[in-house]
Amino acid sequence: MNLLKYILKKIAIALATLFVIASATFFLLALTPGDALSARVEKLPDEVTQRLYAKYGLDRPVMERYFITMKGLLHGDFGESIIYEGETVQQIISEKGPVSARLGIQQMLLGVTLGILLGILAAVKKGSFWDFLVIFFSVLLISVPTLIFALMLQAVFAGKLGWFPVIGWPSKGDWLGGFKYTVLPTFAGCFGYIASYARLLKVSMLDVMNQDYILTAESKGLSRREVIVHHVLRNSFIPIITRLPMSVAMCITGSFFIESVFSIPGLGLYYVNAVAAQDVTIVMGETVILSAIYIFVIFITDILYTVVDPRIRISGGNA
Amino acid sequence: MSKELLKVENLKVTYNTYAGQVQAVRGVSFSLDKGETLALVGESGCGKSVTARSIMQLVHEPGKIVEGSKILFEGKNVAEYDQKELAAFRGKDAAIIFQDAMASLNPTMTVGKQIVENILHHNKVSKKEAKARAVDLLNKVGINNPEQRFKQYPHELSGGMRQRVMIAIAFANDPKLLIADEPTTALDVTIQDQIIELIRKLKDERDASIILITHDLGVVAGIADRVAVMYGGVIVESGSASDIFYHAKHPYTKALHDAVPRVDEVSGKELVSIAGAPPDLINPPAGCPFNTRCKYCMNICKKEVPPTMKFGEGHEAACFLHVLDGLPEDAAFLKD
């Protein structure tokens, strides 16, 4: 009963949020000077220009276009791309999405795993050389832009050493053979995860280690190892659980810089190009779909919370 | 064999802070016999909790037990225990319960598991056997439906029940020594009595010794055999409960009694407090720690540390007033 009410409430909020996001995106695009066709029609005769504008409905007033677009969204019809003729948002996402998702997931798995291990190391060896090293590199990795790392990796491991291909991406369905193409982009994108997860976990663990229940655990005669494994870790993973789903959602949106540097046919590159070309249908469609995924992920986070931390059980149980 | 279970000698604990080194405990000595209950009383910040934690070796960075401090448990210095000895000592020989049971229980572990953990660590028994013992313990500490409570998390229990769970954890391996660090401070008055009564009952059944830390003299009167009064990181007076309650020799002890409101007093009378604030333990005052607040402070009290004077069997107080041939007239009440 309670749970059902909770879910219904969440869904209502999600729909309202999507509506606001879609409207804001639409009007922001409408406010920008020029449109998707202005560059193309420069040298065309007026009659052709008018027909082109009529085809995409760009000749109508803003409010009318807004209602047509929103009505389309309601039916799941995002419309046709203006710059890539004949392509729809669904096609583009289903084609480019998996590429960005594979890269993103590889980056995240590597980054989060290393980040968690380093975070534990820094917390357990607090104040030591190791702690200093982890924190020093975390700050460094967060401060240096991804683009720099991507170019550096490319120069050293592809250029100088020639261990990996300079650019490119495995063709569809080629999971193992093309793996070497994914190595450098994966490393280039995982540093952010390492840095933020290591610091997050370290801070969280130190906080938990200061709690009274850790004294209780020690007073039972448990070894430091046992205290950390059984009492510290689970409690300090709560902030990690909050951030993790957001990272997963980020995966599929792709990274513009890394995709550009390594010529990867992913969503990130495509999305940025669409914005630059003011391709309203693509931008609207991608924004709404990606927002919906984000919102869904946040919802999953809330549910996950209650699994890790029994204090936040939604239905309240029989206490 | 001596009856002595624990002897603390010249315990000193310091905390390094940005403001300077806090001398939280400045040379505390006391002993505890088997089956005895010793109350450590004093106001906040006098070093009583730190003393308690030192016995369990639970003083962590930035805190440090100063070398030369001796904590003799059955004649062996706890401070020199190796990892293995310490792991066997904690939870088996000695157990501790804290003021805030909610904060002292792991919020993401069922209470049953937290008890079982202590049983499994010190006994070679199966998980099933450990669970049966834990349920039995929950029953013994007065928790209804122990089978069901076993599976619950700390936040699902009331404050009193949580403290009962802590007591169950503490008594899981029949410890010889129980340290109770303000076990009732966070509880309702009605629950306080029940908890103290429970601790006393379990102690009598198992012949354990107790160090009870409190600032509540009412609690002390109910349970303590002996009392040590702490002030500014040292023990200023110690003796049997009746010595401390009826024949207090130290002006601080006396002031503590005066500060307890009495039910039979005329209503509307102002509550008595001890003027001034406890000493700064980063720069402890020279001489007697109480000299800044003492009504009878003399010149010597500000220069010299008062000697410990003995008054009959086990009753001691550190105060210059008793060094004089005759007590000054205005301190004559300290005579009896």
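Use the structure listed above.
The structure contained in this document is the topic of the report that follows. (Residues numbered from 1 in each chain as written. Chains lettered and ligands numbered in written order. Predicted model: local features only at pLDDT ≥ 70, side-chain atom pairs only at ≥ 80, totals over all residues.)

### A word on the overall build of chain B
For chain B, the count of helices and strands is 11 helices and 13 strands. In terms of overall dimensions, chain B is globule-like: its C-alpha atoms have a radius of gyration of 21 Å, near the 20 Å expected for 336 residues. Projecting the C-alpha coordinates of chain B onto the three principal axes gives extents of approximately 70 × 50 × 45 Å. Counting every position in chain B, which comprises 336 residues, the buried fraction comes to 45%. Put simply, 62% of the contacts in chain B that link residues at least 6 apart link residues at least 24 apart. (Helix = DSSP H or I, 4+ residues; strand = E, 2+ residues; numbered from the N terminus. Rg over C-alpha atoms; globule rule 2.2 N^0.38 Å. Buried ≥ 20, exposed ≤ 12 C-beta atoms within 10 Å, placed from the backbone. Contact = placed C-beta atoms within 7 Å.)

### Section: the packing of helix α5 (residues 129–143) of chain A against helix α7 (residues 179–209) of chain A
All names here are of chain A. Here α5 crosses α7 at 135°, and the two axes come no closer than 8 Å. Judged by the inter-axis angle, α5 sits oblique to α7. Our pair here, α5 against α7, has a crossing hand that is left-handed. Here Val134, Ser138, Leu141 and Ile142 of α5 come into contact with α7, specifically with Phe191, Gly192, Ile194, Ala195, Ser196, Ala198 and Arg199. Its residues assigned to classes, the contact of α5 with α7 shows seven nonpolar, three polar and one charged. (Axes fitted to C-alpha atoms, helices over the stretch in contact; angles between N-to-C directions. Parallel < 35°, antiparallel > 145°, perpendicular 65-115°, else oblique. Left-handed = near helix turned anticlockwise from the far one by under 90°. Nonpolar A, V, L, I, M, F, W, Y, C, P; charged D, E, K, R; others polar.)

### Notes on the nonpolar core
Within the largest apolar cluster, 132 residues are counted, with the highest numbers of intra-cluster contacts made by B:Ile167, B:Ala168, B:Ile179 and B:Val229. Counting residues per element, this core draws most heavily on α7(A), at 13 residues. Here B:Ile179 is in contact with B:Ala52, B:Ile55, B:Met56, B:Ala94, B:Ile96 and B:Ile211, once residues within four sequence places are set aside. Ranked by size, the runner-up nonpolar core spans 17 residues in total, among them A:Phe26, A:Ile82, A:Leu267 and A:Tyr271. (Core = buried A, V, L, I, M, F, W, Y, C linked by C-beta atoms within 7 Å.)

### With respect to the interface of chain A and chain B
Counting residues at the interface gives 19 residues for chain A and 24 residues for chain B. Each residue belonging to the side of chain A that touches chain B can be placed in one class, and the counts come to six nonpolar, seven polar and six charged.

### A short note on the pairing of strand β1 (residues 4–17) of chain B
Residues and elements named next belong to chain B. Note: β1 against strand β2 (residues 20–33), 11 bridges, orientation antiparallel. Residue pairing across strands places Val13 opposite Val25, the latter belonging to β2. In this structure, the hairpin formed by β1 and β2 is closed by a connection of two residues. Taken together, the four bridges between β1 and strand β5 (residues 70–73) define a ladder with antiparallel strand orientation. Following the sheet pairing, Glu9 is matched in β5 by Lys70. Of the pairings in the sheet, the one linking β1 to strand β4 (residues 63–65) comprises three bridges and is antiparallel in character. Looking at the pairing, Thr14 lines up with Lys64 of β4. (Pairing = 2+ DSSP bridges.)

### Considering unusual backbone geometry
Cis rather than trans, the peptide bond between B:Glu61 and B:Pro62 has omega equal to 0°. Within the element layout of this structure, B:Pro62 appears in the loop between α1 (48–55) and β4. Although it is not a glycine, A:Ser263 adopts a positive phi angle of roughly 50°. Relative to the elements of secondary structure, A:Ser263 occurs in the loop between α11 (256–261) and α12 (267–276).

### Observations regarding the pairing of strand β11 (residues 234–240) of chain B
All names here are of chain B. Within β11, six of the seven residues are buried, leaving the element largely enclosed by the surrounding structure. As paired strands, strand β10 (residues 226–231) and β11 are joined by six bridges and run antiparallel to one another. Bridging across to β11, Val227 finds its partner in Gly239. Counting the residues between successive antiparallel strands, the hairpin from β10 to β11 contains two residues, one of them, Gly232, with a positive phi of roughly 55°. Taken together, the two bridges between β11 and strand β13 (residues 316–318) define a ladder with antiparallel strand orientation.

### What about the sheet that holds strand β8 (residues 177–181) of chain B?
Residue and element names in this part refer to chain B. With mixed pairing, eight strands are arranged side by side in an open sheet as β7-β8-β9-β3-β10-β11-β13-β12. If you trace the sheet from one side to the other, it starts and ends with β7 (94–97) and β12 (308–310), each paired once. The mean inter-strand angle of the sheet, taken between neighbouring strand axes irrespective of direction, is 20°. Helix-sheet contacts for helix α7 (residues 159–170) involve β7 and β8, and the interaxial angle to β7 is about 170°.

Without other data, these values stay purely geometric and don't point to any function.
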